[in-house]
Amino acid sequence: MNVTPADSHTVIQVRGARANNLKNVSLDLPKRRLTVFTGVSGSGKSSLVFATIAAESQRLINETYTAFVQSFLPSVGRPDVDELRNLSAAIVVDQERMGANSRSTVGTATDAYTMLRIIFSRLGEPHIGTSGAFSFNLPDGMCPECEGAGEVSTVDVDQLLDRELSLNEGALTLPYHAVDSWSWQVVVNAGFHDPDKKLRDYTEQEWADLLHKDPVKVKAGSNGFTYEGLVSKMRRTWLAKDREGLQPHIRAFVERAVVFARCPLCEGTRLNRAALSSKIDGRNIAECSALQIDELADFIRSIEDTGTAPLLANLLDLLDSLTEIGLGYLSLDRPSGTLSGGEAQRVKMVRHLGSSITDVTYVFDEPTVGLHPHDIQRMNDLLLRLRDKGNTVLVVEHKPEVVAIADHVVDIGPGAGAAGGEICYTGDVAGLRASGTLTGRHLGHRARLREQPRTPRGQVSIKDAGLHNLKDVSVDVPLGVLTVVTGVAGSGKSSLIHGHLSGQDGVVVADQSPIRGSRRSNPATYTNLLGPIRNAFAKANGVKAALFSANSEGACHKCNGLGLVYTDLAMMQGVASVCEQCDGKRFTPEVLTYQLDGKDISEVLGMSIAEAYDFFPTGRPHTILGRLSDVGLGYLRLGQPLNTLSGGERQRLKLAIHMAEKSSTYVLDEPTTGLHLADVDKLLALLDRLVDDGNSVVVIEHHQAVMAHADWIIDLGPGGGHDGGEIVFTGTPRELIETADTLTARHLREYVGS
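By convention here, each chain's residues receive numbers from 1 onward along its written sequence. Totals for whole chains, interfaces and linings use all residues, but because this is a predicted model, local features are given only for residues with pLDDT of at least 70 and pairs of side-chain atoms are given and counted only at 80 or more. Derived side-chain values reflect all non-hydrogen atoms in the structure, with water molecules and hydrogen atoms excluded from consideration.

Q: Honestly, the environment of D375 in this entry has me stumped. Any pointers?
A: A run of DSSP states H or I qualifies as a helix once it reaches four residues; a run of E qualifies as a strand once it reaches two. Both are numbered from the N-terminal end. Tracing the sequence through the fold places D375 in helix α14 (residues 373-388). Three exposure classes are used, based on accessible area relative to the maximum for each residue type with a 1.4 Å probe and protein chains only: buried under 20%, partly exposed in between, and exposed over 50%. What makes D375 buried here is its relative accessible area of 5%. Taking the C-alpha atoms as reference points, D375 and A489, 114 residues apart in sequence, are found 7.5 Å from one another. Aside from chain neighbours lying at most four places away, what touches D375 is V488 and A489. Under this definition, polar contacts are N or O atom pairs within 3.5 Å; protein pairs additionally need one hydrogen-donor-capable and one acceptor-capable atom, and for neighbouring residues in sequence, both atoms have to be side-chain atoms. Here the side chain of D375 touches A489 through a polar contact of 3.1 Å, landing on its backbone nitrogen. Residue contacts are defined here by distance: any two heavy atoms, one from each residue, within 4.5 Å place the two residues in contact.

Written as structure tokens, this is what we have:
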């Protein structure tokens, strides 16, 4: 057979990559193979895989569209790289949580519900119309009472006001209504109420006007404004918006003041009477959606109908894939906003498994996050299946079980931030083990069991926990020790800890949820480090501190202190370019003339946390920076925007802040996410320090090094979903290995023994 030029494109060639901390990196990646990228947090893995290879593939595809279509696509700048050759279309499957929109469910996100609707519109008895009649997002199918939301909200009026006071005495306790505020003045000047009358003495009409009046135009003197009842206004401004999008203090208030209850008319099914009346083999569509996916698959298998056979087969394929990937415990009516990052990533994976497209580059970001060692095996099978279909699979991952199945490994380092960005090793796994790099040395590394577990100083009891799939679980969580809560995905770990322990007094939760903040927020602002730094600059130069804030007086006038200028090109894509006036430094030239120990403010914000720790040898900045280094974030820059941090980095940032508080119990949710094997040891040392300082630490975790290191283990299972929700073991890790036969016990026995 003649070899044609078309057959020679067997590698993706990267030449001179310099995104973020990459130091002019060049390498070849084999196509149609599984390549795993390893290296410590912040070494440059994501810069190479996501910010260079995937970003350029995306940009080149976008460039093939017309300018008109491009104007609707996100703007992607060209990555800093000399050359990228032989790229194929890249599909990024990341851990971004799926939309927190309450109308999005696992069923709508995977199209499984759409297929189910069509099946019901054909086979449901009585026949009630098209598939739209079964949709809770369309008027034809939605419940008229809750408009398809499944829940109705009532406002607890006593959270908005104090009946014992008058308006002048500050009776309005809801946000933005303090005495003399604009909103307060609107209420007082509207003329419906006597501002000196106690609220408890209001007539029925006055109550109705205060709480429920529709918007009316009102004049006070020469000023015209709109008056609206408190509850009506609150529903319009806060409750109509997605709760996740509200500012933190408003969200906290809404969670206190609004009681969400299941809609009494549709009983939470979201659908109208007609949609619920139509059944297949005695089940309506809401009952099908509430089944566990693996049970729904059995039900679909039992339907015999030649007319819809292809559709039934497609739906069954999708449900079986979800089960195979370890998500059989979910149901189609589960809101997608409640899925963890790892679950969301696996739901997205399923869409690609069934695709007939091949020769694609799939890019995964730690696909094992949230997976028990038992489930990692399944994830590995999926990655290999994608490869065997003829795709290039690139995976950023730390778990040795995934590294072991790679055809090719790229190890980046040697350190993080400025100390990283170089290729330490590229080749096969056997070569990596022998290479002597940090990753190579740690691949066979095993944490050992404690010789002597600590003795608990008491306990917190959880009684009859029944949230989600928990089966009236009662368990004692010991205090003063390191407790690890484990079990396969969906076994009930989060429901038990977040649902029944997190709300208690003295419990501090550091999780991976996004940190609310704009692109102006960074580690320095978030940890309140910027205040003392600004004061130090002000004191050293005899000027006021506001000059050293990029959100205040010192901000560059052209970019308003952002360092970037966003240009809207009408029909073309908008472009973000570095501000020419301040050169991305964010401050006015005058501010940059002021120095502290030879550095201006932009140079200090450009430092990594580790550099700044040495630069500020004493005082409050030194203490805060020390905590950030302790949690393994020494490589982050002080001025790095928070929206660029990974879930694991966000969790460690929150942990650093909480370490300043005198807490008693810390709850951490998979703190090893994003951590290299070598960094896991540092994390364990940090957890030990927290416990030795007199705190209790409860960790939801699958990482076997953390399980082995624990004083106490609470294991849930035996499986996920209906098959989980029970405590299958509590005791020390040694007892688990010696006496138990749970999935965790089997894997930990093998881990400690190998």
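Q: Would you mind showing me how to read the packing of helix α13 (residues 341-353) against α14 here?
A: Think of two packed helices as two axes; the pair is described by the angle between the axes and how far apart they sit. Two elements in contact, α13 and α14, have axes separated by 11 Å at closest approach and are oriented at 35 degrees. When the axes of α13 and α14 are compared, the crossing they make is left-handed. Across from R346, M349, H352 and L353 in α13, the residues of α14 making contact are M379, L382, L383, R385 and L386. Under the grouping applied here, Gly and all other residues not named as nonpolar or charged are polar, the nonpolar ones being Ala, Val, Leu, Ile, Met, Phe, Trp, Tyr, Cys and Pro and the charged ones Asp, Glu, Lys and Arg. Across the contact of α13 with α14, the residue classes tally to six nonpolar, one polar and two charged. All axes are obtained by fitting lines to C-alpha atoms, using only the stretch in contact for helices, and the reported angles, taken between N-to-C directions, cover 0 to 180 degrees. Take the far helix as your reference; a near helix turned counterclockwise from it by less than a right angle gives a left-handed crossing, and one turned clockwise gives a right-handed crossing.

Q: I would appreciate a short explanation of helix α26 (residues 677-692) in the present structure.
A: Working note: α-helix, 3.6 residues per turn, so residues spaced by three or four point in the same direction. Here the expected span of a helix is defined as 1.5 Å times the quantity of residues minus one. The end-to-end C-alpha distance of α26, which contains 16 residues, comes to 23 Å, matching closely the 22 Å that a straight helix rising 1.5 Å per residue would cover. Trailing α26 by a residue or two, G694 shows a phi angle of about 100 degrees, which is positive.

Q: Help me understand the packing of aromatic side chains, please; the structure alone is not making it clear to me.
A: Note on aromatic pairs: each is described by the distance of the centres and the angle between the planes. Here a Phe, Tyr or Trp ring, Trp counted by its six-membered ring, pairs with any other such ring whose centre lies within 6.5 Å, and the pair is stacked when the planes are under 30 degrees apart, edge-to-face when over 60, and tilted otherwise. For the structure on display, the rule yields twelve aromatic pairs. Residues F68 and F72 carry aromatic rings whose centres are separated by 5.1 Å and whose planes lie at 80 degrees to one another, so their mutual orientation is edge-to-face. Each ring, one from W238 and one from F253, has its centre 5.8 Å from the other, and the planes form 75 degrees; the classification is edge-to-face. Placement of W238 in helix α7 (residues 230-239) and of F253 in helix α8 (residues 248-257) is noted, with a sequence separation of 15 residues between them. Taking relative accessible area as the criterion, F253 reaches 1% and is therefore assigned buried. Following the ring pairs from residue to residue traces out a cluster consisting of Y176, W238 and F253. Above the face of the F299 ring, R283 is positioned so that its terminal group lies 5.1 Å from the ring centre. For a Lys NZ or an Arg CZ to count as sitting over a ring, it must be within 6 Å of the ring centre and within 35 degrees of the ring normal.

Q: How do you make sense of the side chain of T105 when you look at a structure like this?
A: Take T105: it is sitting in the loop between β5 (90-93) and α3 (106-110). Given the relative accessible area of 2%, T105 is considered buried.

Q: Before we go on, may I ask you to explain the pairing of strand β13 (residues 392-396) in this structure?
A: When a strand is regular, its side chains alternate between the sheet's two faces. For β13, the tally of buried residues reaches five of five residues, placing the bulk of the element in the interior. Burial of the side chains of β13 extends over both faces: T392, L394 and V396 are buried on one face and V393 and V395 on the other. If DSSP finds at least two bridges between two strands, the strands pair. Two strands pair when backbone bridges link them, and strand β3 (residues 34-38) and β13 are joined in this way by four bridges, in the parallel orientation. Bridge pairing in β13 places V36 opposite V395. In this structure, strand β12 (residues 361-365) lies alongside β13, joined through five bridges in parallel fashion. Residue V363 lies in a different strand from β13, and its bridge partner there is L394. Handedness of a crossover is defined as follows: with both strands directed away from the viewer, a clockwise route from the first strand across the helix to the second makes it right-handed. The β-α-β motif built from β12, the intervening α14 and the parallel element β13 has right-handed crossover chirality.

Q: In this structure, what is going on with the sheet that holds strand β18 (residues 482-486)? I would like to understand it.
A: Strand pairs in the sheet, formed through backbone hydrogen bonds, run parallel or antiparallel to each other. The strand order β19-β22-β23-β18-β24-β25 describes an open sheet built from six strands, whose pairing is mixed. Strands with a single pairing partner mark the edges of an open sheet, and in this sheet they are β19 (507-510) and β25 (726-731). When the angles between neighbouring strand axes are averaged without regard to direction, this sheet yields 15 degrees. Bridging between β18 and strand β24 (residues 712-717) involves four bridges; their strand directions are parallel. Considered in β24, the bridge of V485 is made with I714. Along the sheet face, helix α25 (residues 647-658) touches β19 and β22 (665-669) and points at about 150 degrees away from the line of β19. Running at roughly 145 degrees to strand β23 (residues 696-700), α26 makes contact with β18, β22 and β23 of the sheet.

Q: How do you make sense of unusual backbone geometry when you look at a structure like this?
A: One can expect most non-glycine residues to show negative phi and most peptide bonds to be in trans. The linkage connecting E125 with the following residue, P126, adopts the cis geometry, with an omega of -10 degrees. Summarising the element assignment, P126 is placed in the loop between α4 (112-123) and β6 (151-155). Of note in the backbone geometry, R32 takes a positive phi value of approximately 60 degrees without being a glycine. With respect to the helices and strands, R32 occurs in the loop between β2 (25-30) and β3. Given a relative accessible area of 29%, R32 falls into the partly exposed group. The residue R270 is not glycine, and still its phi comes out positive at about 80 degrees. Among the structural elements, R270 can be located in the loop between β9 (258-262) and α9 (273-277). Here R270 falls in the buried class, since its relative accessible area comes to 10%.

Q: Teacher, can you tell me more about the sheet that holds strand β4 (residues 81-85) here?
A: One open sheet accounts for three strands, arranged β2-β1-β4; its pairing is antiparallel. The open sheet has two edge strands with one neighbour each: β2 and β4. Taken pair by pair, the neighbouring strands of this sheet meet at an average axis angle of 5 degrees, ignoring direction. Sheet analysis places strand β1 (residues 11-17) next to β4, joined by four bridges and oriented antiparallel. Bridge pairing in β4 places A17 opposite V81.

Q: Sorry, what's going on with a nonpolar patch on the surface here?
A: Surface patches are drawn from residues lacking salt bridges whose relative accessible area is over 30%; two like charges belong together within 9 Å, two nonpolar side chains (Val, Leu, Ile, Met, Phe, Trp, Tyr) within 5 Å. Areas reported as accessible are Shrake-Rupley estimates using a 1.4 Å probe. Residue values count occlusion only from the protein chains shown. Salt bridge, as used here: a side-chain nitrogen of Lys or Arg that lies within 4 Å of a carboxyl oxygen of Asp or Glu. Together, Y65, F68, V69 and F72 give the surface a local cluster of nonpolar side chains, amounting to about 420 Å² of exposed area. When you line up the elements, V69 lands in helix α2 (residues 67-70). Residue V69 is classed as partly exposed on the basis of its relative accessible area, which comes to 34%.

Q: Is there a simple way to think about the packing of helix α11 (residues 293-301) against helix α12 (residues 309-327) in this case?
A: The geometry of α11 relative to α12 is characterised by a closest axis approach of 9 Å and an angle of 155 degrees between their N-to-C directions. Put simply, α11 runs roughly antiparallel to α12. For the element pair α11 and α12, the recorded crossing hand is left-handed. Along its contact with α11, which presents I293, D294, L296, A297, I300 and R301, the element α12 presents L312, L315, L316, L319, D320, L322, T323 and L327. Each angle receives one of four descriptions, namely roughly parallel if under 35 degrees, roughly antiparallel if over 145, roughly perpendicular if within 65 to 115, and oblique otherwise.

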